[in-house]
Amino acid sequence: MGLMQKSDGRATVESVYECISHVCDPEIPTVSIVDLGMVEKVTVTDRQIVVVLIPTFVGCPAQPIIARDVRQTLAAQYADYAIEVRFALTVAWTSARITEAGRQALQACGIAPPGRAFGDVACPVCHDTKPVLHNLFGSTSCRSLYYCRQCRNPFEAFKP
Amino acid sequence: MNTTSLAIDRVKRTPALRHLVIELLWQVADDDLMIGFRDQEWLGLAPHIEEDVAFGSIGQEELGHAVHYYGLIEALTGDRADDLALLRETSARRNAVLLEQPNGAGDYLHDPHFNWAFTIVRHYLHDVWEMTVLTAMTGSVVEELAQAGTKILGEKRYHRAHQELWLRLLAAHNPQQLQDGLALASQWGADLADFGPMAIDLQQSGVLPDAPLLPKQFADEVTDAFKEMSIDLPIFQPGLNGRQGQHTAALGGALTTLSEVYRLDPGARW
Ligand SMILES: [Zn+2]
């Protein structure tokens, strides 16, 4: 966070979003939680910042780590504010919340961004659109495992 | 997890409503805790390596759902979710008896001879019932229940699709194994889709719309699914009723294993 300007330490909703856009899901270290669509609401009052996050999957074990990282990042930037970070289900996360930048970042780290349905997936290596679903379940709750018949790479894809 | 909001606060101050919401949450929470535990007991034993990954993932999600439900009870009672999951006596548990049964003969650590067809049948029945409940829950007057219903329903689709794939494979290639697994499940399954007398209160309070109709919805759906696979659905024998705290010794055994580490020092921070 050293490069970020401290300004006068005043928080706005926009500056809080900017600040936490540097926090990543520990299981996908190239994609920010903002681009994954996990930030539901940011509220800033005179002396308090409240961030409500939504989980990609309810049982995702990364939640306490993400909440901690968001809290620490904000505390370092806004020393004068009380900071509250919590997860809620007020809005149901779906993969449609992933931003265009998030989709590109997923692709860049070899994870196919979500399609519109099961199997609507393109290989992140060669972009072939007819990979085989190998396992609906993958290394994390949010991903499935595919195999590309064209370039013969196994790869993971976000569940739709 | 902190999910406190106005709606839960309102429920908290209305004893009759609070009681109903907690009773409903015990059932779904205890169900998911037990099935999640049994899922994890396939680790290293599943039919092939991809299935190991799949059941590990499904089990993790089931436990995650249980944690969420226990968290809602925590918001209503002030008791710690971990204590609710790990320290309650068996007579306080409300899971269906089917879900506490071991995966088969033997023991996970010592000579396991687990039954895959039974496991798939049981999981499928659990998935259909929980999805029936969650669908109704999306219309609950209690904000947090409606939200949990919407979100968890989306995740359960994957579990169910997975069990259905296995059911079709078994029906096509080993129907006898499937029939045997179903026969075993039917010995225990009668309390699965059962709210008992509180069904009417659940409906009238708006906590769970259509609650009295859900057991039949579930039965119709399951009957049709097996009919389509040309598999005879046995009569589910009424017996012990887990929804009333009646359980087999298997539950105590599972809870002893599950809470072994926690009981060493319940106050420890991990
Ligand atoms: Zn490819």
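Residues numbered from 1 in each chain as written. Chains lettered and ligands numbered in written order. Predicted model: local features only at pLDDT ≥ 70, side-chain atom pairs only at ≥ 80, totals over all residues. Heavy atoms only, no water.

Another aspect to go through is the overall build of chain B. Per the secondary structure count, chain B includes 12 helices and two strands. Moving toward the C terminus, one meets the helices and strands of chain B in the order α-α-α-α-α-β-β-α-α-α-α-α-α-α. In terms of C-alpha radius of gyration, chain B reaches 18 Å, essentially the compact-globule figure of 18 Å for 270 residues. By residue count, 53% of the 270 residues in chain B fall in the buried class. Put simply, 77% of the contacts in chain B that link residues at least 6 apart link residues at least 24 apart. Element-wise, carbon and sulfur atoms account for 56% of the exposed surface of chain B, whose accessible area totals about 11,700 Å². (Helix = DSSP H or I, 4+ residues; strand = E, 2+ residues; numbered from the N terminus. Rg over C-alpha atoms; globule rule 2.2 N^0.38 Å. Buried < 20%, exposed > 50% of the residue type's maximum accessible area, 1.4 Å probe, protein only. Contact = heavy atoms within 4.5 Å. Areas by Shrake-Rupley, 256 points an atom, 1.4 Å probe, with all protein chains shown as cover.)

The next subject is the pairing of strand E2 (residues 28–32) of chain A. Residue and element names in this part refer to chain A. In this sheet, E2 lies alongside strand E1 (residues 24–25) in antiparallel orientation, the contact comprising two bridges. Bridging across to E2, Asp25 finds its partner in Ile28. Adjacent in sequence and paired antiparallel, E1 and E2 are bridged by two residues. (Pairing = 2+ DSSP bridges.)

Once that is clear, we can look at the domain arrangement of chain A. Residues and elements named next belong to chain A. Assigned domains of chain A: these are domain 1 (1–109) and domain 2 (110–158). Placing the centre of domain 1 and that of domain 2 at their C-alpha centroids yields a distance of 27 Å. At the interface, 12 residues of domain 1 touch 12 residues of domain 2. When domain 1 packs against domain 2, close to 1,100 Å² is buried across both sides, 61% of that on carbon and sulfur atoms. On the domain 1 side of the contact with domain 2, Arg103, Leu106 and Gln107 bury the most area, a combined 44% of that side's loss. Taken together, the links from domain 1 to domain 2 amount to zero salt bridges. Summed over the shared surface of domain 1 and domain 2, the number is seven residue pairs in polar contact (both at pLDDT 80 or more). (Domains from an automatic or database assignment. Buried area = accessible area lost by both parts, 1.4 Å probe. Salt bridge = Lys/Arg side-chain N within 4 Å of Asp/Glu carboxyl O. Polar contact = N/O pair within 3.5 Å; in protein donor to acceptor, adjacent residues only side chain to side chain.)

Listed per partner, the contact involves 24 residues of chain A and 25 residues of chain B. Approximately 2,000 Å² of surface area, both sides summed, lies buried where chain A meets chain B, with 62% of it carried by carbon and sulfur atoms. Among the residues chain A hides against chain B, the three largest losses belong to Val58, Leu89 and Phe137 of chain A. Together they make up 33% of the total. Between the two partners, chain A and chain B, sit one salt bridge. Between Lys159 of chain A and Glu61 of chain B there is a salt bridge, and its shortest N-O distance comes to 4.0 Å. Counting across the interface, chain A meets chain B through six residue pairs in polar contact (both at pLDDT 80 or more).

Mapping Gln60 of chain B onto the fold places it in helix H3 (residues 49–77). When its relative accessible area of 30% is taken as the criterion, Gln60 of chain B is described as partly exposed. Along the chain, Gln60 of chain B and Gly36 of chain B lie 24 residues apart, while their C-alpha atoms are 6.6 Å from each other. Contacts of Gln60 of chain B, omitting those with residues within four sequence positions, involve Gly59, Pro61 and Ser141 of chain A together with Gln40 of chain B.

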